[in-house]
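Single-letter residue listing:
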Amino acid sequence: MNTLVVRPTRVRTAGVRQQLLLTAQQRLMILMLLFTAAIFFVSLRLLYFAAFDTTPQRGAAAAFVPARADIVDRNGVPLARTIDGYSIRVVPSKLLNNRAYLADELVKIFPDTPREEFLAKLTGPRATYIRRRALPDQVAAVNAIGEIGFDFPREKERLYPQLSLAAHTLGFINAEGQGVTGIEGAYDKRLTDAATRGQPLALSIDARVQGVLESELGSAVTNLEAIGGAGIILDVHTGEVLAMSSLPTFNPNKLTGSDPATRRNAVTYNLYELGSTFKPLTVAAAIDAGTVTSMARRYDATQPLAIAGFRIRDSHPAGRWYNVPETLIHSSNIVTAQIADELGREKMEAMFRSVDFDKRPGIELKERAFPLWPKNWGRLTTMTTGYGHGIAVTPLHLASAYAALVNGGIYRPATMLKLGDKAPPQGRRVFKASTSARMRQLLRLIVSDGTGKQAEAPGFRVGGKTGSAEKPGIGGYNRTSVVATFAAAFPMDNPRYVVIAMIDQPKGNAYSSGQRTAGWTAAPVVKKVVMRAGPMLGVFPDESRDVDVSELTPLLWRNGEAE
Amino acid sequence: MLMAARKLQGIGLVLLVLVFAMMLYPVSLKVAATRSELAQINQQINRTRDNIRYLESELAVRASMRQLEQWNAETFGYSAPSASQYLANERQLASVGRLPRARGANDVAPVLMAMVSPVALPEKAKPAAATAPDAPAAPAAAPKPAAIKLAAVQSDTPPRMAPTRRREQLKMIEDQLLAESTLADLKRAAAAEAGEARGR
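Being a predicted model, the structure only gives us computed values, none of them experimental.

Q: What should I look at first to understand the side chain of A:Lys279 in this one?
A: Residues and elements named next belong to chain A. Tracing the backbone shows Lys279 in helix H10 (residues 279-289). It turns out Lys279 is buried and unbridged, and the closest side chain with the opposite charge, Asp314, is 6.1 Å from it. Of note is the side chain of Lys279, whose polar atom sits 2.8 Å from the side chain of Ser331. The residues contacting Lys279, other than those within four sequence positions of it, are Leu328, Ser331, Ser332, Asn333, Thr336, Gly386, Tyr387 and Lys465.

In structure tokens, the structure reads:
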């Protein structure tokens, strides 16, 4: 098709045409220069890439850094790590086989899930997971069915290789990968931050010691048909927690279906009236304050102490007068109440405050309970708190207080992190060094001659105090349900570790010779734990050593010959 | 002519640069190839490390404290060593041996050392010398038998050791370690083994 254009009348002169040509050439020139410059830049860039490009290759360094940092124990044993796990997914629209047949096959591989559940997932409209954390064997078995509707994406998953070991300490993460409880919850930022997650987080826990504590406490709780238990091993000089166990426990690898109540950390989150284990603290405060000056001073324990309409009585009344070592050895409530009364409310309160019984326990975990501090502190309260009633604290509170009692009188908060070469925290003085030395002798006497005889691990110089507190129930204390605690330290000539074993409501059966008191239930646990874990902690038994108690032994009344 | 040469010179320079560029091109290719090879190896290392981690985790699960505890309860039955099984020093180690402790084993008196000497002669010679002054007829004859006896003791019989406590102890150890019957057993076993080996 031709286009007819009317030729414009020739009005332009040759000069104008010349001008137009020049501008056209000029524009072309500029365009060409632009192209040249562009090509020049591109080639320069190419040359740079060829010669000087040193940027890391794709995915070279990133693969090393785990999505969430590992958690290891003090010796580097992995307690939690993130691995590429298998999962099994189904895309119903791609399924070829008969769905009922597939459901049958799946039930054969996973017998713990009902067939209906599989059938519902296979016939559903959307792609869903059949298993989130599948074992490689199971994946192979599902693959062997030969159905293209299944696929096996590899996903990052948190694995706790030691299963339920230290489950309460480690805690667990939710489906979105955020830490919920324990170390996972408390150090969520540190574990997921790109800058720090390359380095594993080292805890103060020792996996072997933890295993020992859990197995011994677990067997005691099972055999005594108790409802729970708690145990802790603490380094007295640094406050590092070597082991922390709470029963009943759970498996953080398999949370679905487990009882949420088992996830409670009894060591830091449960409050107990810990009973007679408070007596050494009261006596130490009295020695410190100077109200008890002589170990030989005797107190009347012949009859129950009546005060403010309340009678303080002993569980095994001896009907005689006790001196201070005998008070602890026979665990006399009456005499301890008198000592506490003499000490007075202010000093008693000051001592409890100095060992942080009025605060949440000092530890990095988030699950920390606030102690039950007496509301109205009267004379009776001073007396009852002296032997551990009327005030409820966590087992961790008691462990930290005992560490201060035996280590020379320095209180340090507990820590879950490995100190390594770092200097231990400064701490603060709560007892005099001389008081601490005296308490070591007294605690040792309780085990060698008193209610704690069952805790005597030969050669380990264990010292400690029993505590069998009746549980408060409806309308007063329940005589048949007790919290049996044994708070110990070893070796007593130079204390290094505090061990606390607590059993909640043990039944007096053949395993404990029909007794439900701490001397027969919790003390044997401490003995077994010390005998097994002592050498792991660097404390070796030596029967030729002991703490010198010769100045106190003449004070003990034995079959009427001494005294 | 000059103009043409000058023009050619320009072309020649361009050609020269081109030739060198072409010669250098394989070098750049080689560098790129090596680089990508390295990247591949890096990836392989990463994959292997991931794999190692995975296997380590599996091993840790299989050898977890719980599992070991269970095996111990079911099969091994090991228990914690008692205080008497720990030894602080060599002296304690020595006292562990099953040997009945000879009385005064450690206080070896210097007198005993003197008694060990194999020469039994002086004691026997002395009485002879002592008797000499008593019998006036003897002096000439007495030294002679003594000299003969000396020679006999020193040459023929091996020196008879005085049975001291220390010696008794050593003997007891030797008896325990290598009794005649033990040695015979050993020899018999060795012979049997040798025969077997030859038979094969």
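Q: Would you mind going over a nonpolar patch on the surface with me for this structure?
A: A cluster of nonpolar residues, B:Leu8, B:Ile11, B:Leu15, B:Leu18 and B:Met22, forms a patch on the protein surface that exposes about 540 Å² of accessible area. Position of B:Leu15 relative to the elements: it lies in helix H1 (residues 2-62).

Q: What is the right way to look at the packing of aromatic side chains in this model?
A: Each aromatic ring pair is characterised by the separation of its centres together with the angle its planes make. In total, this model carries 15 aromatic pairs over all chains according to the counting rule given. Look at A:Trp373 and A:Trp377: their rings are 5.3 Å apart centre to centre, the planes differ by 50 degrees, and that puts the pair in the tilted class. Owing to a relative accessible area of 22%, A:Trp373 belongs among the partly exposed residues under this scheme. Ring geometry for B:Phe76 and B:Tyr78: centres 5.8 Å apart, planes at 10 degrees, overall stacked. In textbook terms, an aromatic cluster arises when at least three aromatic residues are bridged by ring pairs, as seen for A:Phe278, A:Phe352, A:Phe357, A:Trp373 and A:Trp377. The aromatic ring of A:Tyr86 is capped on one face by A:Arg154, whose charged end is 4.2 Å from the ring centroid. The ring of B:Tyr54 is capped by A:Arg154, whose NZ or CZ atom sits 5.5 Å from the centre of that ring.

Q: Help me understand the interface of chain A and chain B in this model?
A: Many authors give the size of an interface as the accessible area that is lost as the parts come together. Counting residues at the interface gives 37 residues for chain A and 19 residues for chain B. Of the roughly 2,500 Å² buried where chain A meets chain B, counting both sides, 54% is carbon and sulfur surface. Where A:Glu214 meets B:Arg66, a salt bridge forms, and the shortest distance between an N and an O atom there is 2.2 Å. Counting across the interface, chain A meets chain B through eight residue pairs in polar contact (both at pLDDT 80 or more). Of all elements in the fold, only helix H1 (14-52), strand S2 (78-90), strand S5 (154-159), helix H8 (207-223) and helix H17 (518-533) of chain A reach the threshold of two or more residues within the side of chain A that touches chain B. Class assignment of the residues belonging to the side of chain A that touches chain B gives a composition of 19 nonpolar, eight polar and 10 charged.

Q: What is the right way to read the confidence of the model for chain B from this model?
A: Detail in the predicted coordinates should be disregarded across regions flagged by low pLDDT. Residue and element names in this part refer to chain B. Confidence along chain B averages 70 in pLDDT terms, with 58% of residues attaining 70 or more. The element-level mean pLDDT for chain B is lowest in helix H4 (residues 110-115), coming to 40, with helix H2 (residues 65-76) highest at 89. Confidence drops under pLDDT 50 across residues 107-159; counting only partners more than four residues distant or on other chains, this segment forms 10 contacts. Interface confidence for the predicted complex, given as ipTM, is 0.70, next to a pTM of 0.73.

Q: Would you take a moment to explain the packing of H10(A) against helix H15 (residues 395-406) of chain A for this structure?
A: To describe two helices that pack against each other, one gives the angle between their axes and the distance between the axes. Residues and elements named next belong to chain A. For the pair H10 and H15, interaxial distance at closest approach is 11 Å and the crossing angle is 40 degrees. The angle between the axes of H10 and H15 places the two elements in the oblique class. Note on packing geometry: the crossing formed by H10 with H15 is left-handed. For the pair H10 and H15, the contacting residues are Pro280, Leu281 and Ala284 in the first and Ala401, Tyr402 and Leu405 in the second. Here the residues of the contact of H10 with H15 sort into six nonpolar, no polar and no charged.

Conventions we followed
Residues numbered from 1 in each chain as written. Chains lettered and ligands numbered in written order. Predicted model: local features only at pLDDT ≥ 70, side-chain atom pairs only at ≥ 80, totals over all residues. Heavy atoms only, no water. Helix = DSSP H or I, 4+ residues; strand = E, 2+ residues; numbered from the N terminus. Buried < 20%, exposed > 50% of the residue type's maximum accessible area, 1.4 Å probe, protein only. Lys, Arg positive; Asp, Glu negative; His and termini not counted. Salt bridge = Lys/Arg side-chain N within 4 Å of Asp/Glu carboxyl O. Polar contact = N/O pair within 3.5 Å; in protein donor to acceptor, adjacent residues only side chain to side chain. Contact = heavy atoms within 4.5 Å. Patch = residues over 30% accessible without salt bridge, like charges linked within 9 Å, V, L, I, M, F, W, Y side chains within 5 Å. Areas by Shrake-Rupley, 256 points an atom, 1.4 Å probe, with all protein chains shown as cover. Phe/Tyr/Trp six-rings, centres within 6.5 Å; stacked < 30°, edge-to-face > 60°. Lys NZ or Arg CZ within 6 Å of the ring centre and 35° of its normal. Buried area = accessible area lost by both parts, 1.4 Å probe. Nonpolar A, V, L, I, M, F, W, Y, C, P; charged D, E, K, R; others polar. pLDDT = per-residue confidence, 0-100. Axes fitted to C-alpha atoms, helices over the stretch in contact; angles between N-to-C directions. Parallel < 35°, antiparallel > 145°, perpendicular 65-115°, else oblique. Left-handed = near helix turned anticlockwise from the far one by under 90°.

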